[in-house]
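Remarks on the overall topology
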Amino acid sequence: MKSWSIGWVVGAVLMGVTGASWGTVLPDKSLSPPPSRSAMVFVQAEAAYASPGVDSAALKAAAGPAGNGSTGTMPQAAAASRNGTFKLERVNGLSVTDDLKTVYEIKGEPKAVETDPLFKEERVLVYEDCKVGLHNNFVRFIVVSAAEAETVDIDGKTLPLDAAKLQDALGKPDWIAEDGVVYRSHSRALKLFIDAETGKLTAVHYFHRTAA
């Protein structure tokens, strides 16, 4: 499997949240990442990030405020508003504030480690249920692929990797994009990547929304 840079992935996900390059610029300026290596190499990210269950087209987001100018045929959450149940503190047992030692204590030894010689401070730990991206030994993102897992654990609650059921549990999203929906809680964000044609979930991304 091709390795991919953490900077690339975080940049790609953030671009999916903000739609800064393709769609409407959101009024929340804090979501727009500053100029960085991640933004400059975003085109490369599309090719590098392709993996089973995560279509590279999912990186081409055109996000807009929820209920305003959103497009696509994704299933909508049944709840009328955020139910407040999920604080997005942990996904599959890990938080975006954990360090490498904590990851090993919680998840154990990974089955594989992906690295990039160009970015030696970054690595991706591959587990059965998720991929954990690290930068300088701190968690930057967690990816759960619907092609490789059947459930995702959010704040200690196990949920099926199903677009409609996840949205029903999480409530109304904070943002809607062409390739999925985004939930925010303080500095943390969770994005459900959903195939616009089939309505099926492809992956769940959990990340620090101000990272770049």
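Residues numbered from 1 in each chain as written. Predicted model: local features only at pLDDT ≥ 70, side-chain atom pairs only at ≥ 80, totals over all residues. Heavy atoms only, no water.

Within the protein chain one finds five helices and 11 strands. In the protein chain, buried positions account for 49% of the 212 residues. Nonlocal contacts in the protein chain, meaning residues at least 24 apart in sequence, comprise 59% of its contacts between residues at least 6 apart. As displayed, the protein chain offers around 9,500 Å² of accessible surface, 52% of which is attributable to carbon and sulfur atoms. (Helix = DSSP H or I, 4+ residues; strand = E, 2+ residues; numbered from the N terminus. Buried < 20%, exposed > 50% of the residue type's maximum accessible area, 1.4 Å probe, protein only. Contact = heavy atoms within 4.5 Å. Areas by Shrake-Rupley, 256 points an atom, 1.4 Å probe, with all protein chains shown as cover.)

Attention now goes to the packing of aromatic side chains. On inspection of all chains with the given rule, the structure shows zero aromatic pairs. Over the aromatic face of Tyr 127 sits the side chain of Lys 107, whose NZ or CZ is 5.7 Å from the ring centroid. (Phe/Tyr/Trp six-rings, centres within 6.5 Å; stacked < 30°, edge-to-face > 60°. Lys NZ or Arg CZ within 6 Å of the ring centre and 35° of its normal.)

Another point: the environment of Glu 197. Turning to its location among the elements, Glu 197 is positioned in the loop between strand E10 (188-194) and strand E11 (201-208). The spacing of Glu 197 and Asp 179 is 18 residues in sequence and 9.7 Å in space, taken between C-alpha atoms.

Here the focus is unusual backbone geometry. Of note in the backbone geometry, Asn 92 takes a positive phi value of approximately 50° without being a glycine. Along the polypeptide, Asn 92 turns up in the loop between strand E1 (64-65) and helix H4 (100-107). Residue class for Asn 92 comes out buried when judged on its relative accessible area of 8%. At Asn 136, a position not held by glycine, the phi torsion is positive, near 50°. Relative to the helices and strands, Asn 136 resides in the loop between strand E4 (131-135) and strand E5 (138-145). Exposure remark for Asn 136: the relative accessible area of 48% places this residue in the partly exposed category.

Time to look at the environment of Gly 171. Within the fold, Gly 171 resides in the loop between helix H5 (163-170) and strand E8 (175-177). Classification of Gly 171 as buried rests on a relative accessible area of 0%. The spatial distance from the C-alpha of Gly 171 to the C-alpha of Phe 86 is 9.4 Å, given a sequence separation of 85 residues.

Moving on, we get to the confidence of the model for the protein chain. A residue-level look at the protein chain finds 59% of positions with pLDDT of 70 or above and a mean pLDDT of 72. Segment residues 17-82: pLDDT under 50, and 147 contacts once partners within four positions in sequence are set aside and those in other chains are kept. (pLDDT = per-residue confidence, 0-100.)

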